[in-house]
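# Commentary on secondary and tertiary structure
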Amino acid sequence: MRIEVDLDLCQGHAMCELEAPDVFSVPRKGKVSVLDPTPPESARAAVEAAVRYCPTQAIRLTDD
């Protein structure tokens, strides 16, 4: 799996970080940073939740 982020859409709500803190980091008043762009399969459920709950739909998950 591979994570892609559209930083033009990101507004820094940090919902992704709440769902998958090992994969995403959002600084105060900043935009998301992907800590692990190709996380292990064991993180799939958390990453899918982060994608689902992103208010601006800035995160995309693709399969390699």
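The structure presented is a predicted model; accordingly, all values stated were derived computationally and were not measured. (Residues numbered from 1 in each chain as written. Predicted model: local features only at pLDDT ≥ 70, side-chain atom pairs only at ≥ 80, totals over all residues. Heavy atoms only, no water.)

## Remarks on the packing of aromatic side chains
- A complete count under the given rule lists zero aromatic pairs for this structure.
- When the ring centre of Tyr53 is taken as origin, the NZ or CZ atom of Arg52, which lies over that ring, is 5.3 Å away. (Phe/Tyr/Trp six-rings, centres within 6.5 Å; stacked < 30°, edge-to-face > 60°. Lys NZ or Arg CZ within 6 Å of the ring centre and 35° of its normal.)

## Description of the environment of His13
- You can see His13 is positioned in the loop between β1 (2-5) and α1 (15-19).
- Residue classification places His13 among the partly exposed residues on the basis of a relative accessible area of 44%.
- In sequence terms His13 and Asp36 are 23 residues apart; their C-alpha atoms lie 19 Å from each other.
- Those residues within four positions of His13 in sequence are excluded, and the remaining contacts are Pro55 and Thr56.
- In terms of polar contacts, His13 uses its side chain to reach the side chain of Gln11, at 3.2 Å. (Helix = DSSP H or I, 4+ residues; strand = E, 2+ residues; numbered from the N terminus. Buried < 20%, exposed > 50% of the residue type's maximum accessible area, 1.4 Å probe, protein only. Contact = heavy atoms within 4.5 Å. Polar contact = N/O pair within 3.5 Å; in protein donor to acceptor, adjacent residues only side chain to side chain.)

## Some words on unusual backbone geometry
- One non-glycine residue, Ala14, lies in the positive phi region at around 70°.
- Locating Ala14 in the fold gives a position in the loop between β1 and α1.
- The backbone phi angle of Gln57 is positive, close to 55°, even though this residue is not glycine.
- In this structure, Gln57 sits in the loop between α2 (44-53) and β4 (59-62).

## A look at the nonpolar core
- Counting 14 residues, the largest nonpolar core has Ile3, Cys16, Val23, Phe24, Val32, Val47 and Ile59 as its most contacted members.
- Those residues in contact with Ile3 that sit more than four places away from it in its chain are Val23, Phe24, Val34, Asp36, Pro37, Pro39, Val47, Ile59, Arg60 and Leu61. (Core = buried A, V, L, I, M, F, W, Y, C linked by side-chain atoms within 4.5 Å.)

## What to know about the side chain of Arg44
- Counting through the fold element by element, Arg44 comes out in helix α2.
- Classification of Arg44 by relative accessible area gives buried; the value is 19%.
- Apart from the residues within four sequence positions on either side, Arg44 is in contact with Met1, Leu61 and Asp63.

## Details of the pattern of salt bridges
- This structure, assessed with the given rule, holds four salt bridges.
- With its nearest N and O atoms 3.1 Å apart, the salt bridge here joins Arg60 to Glu4. Taken as a pair, Arg60 in strand β4 and Glu4 in strand β1 lie far apart in primary sequence, 56 residues in all.
- Using a relative accessible area of 29% as the deciding quantity, one classes Glu4 as partly exposed.
- The closest approach of N and O atoms between Arg44 and Glu41, which form a salt bridge, is 2.5 Å.
- Via salt bridges that share partners, Glu41, Arg44, Glu48 and Asp63 belong to a single interconnected network. (Salt bridge = Lys/Arg side-chain N within 4 Å of Asp/Glu carboxyl O.)

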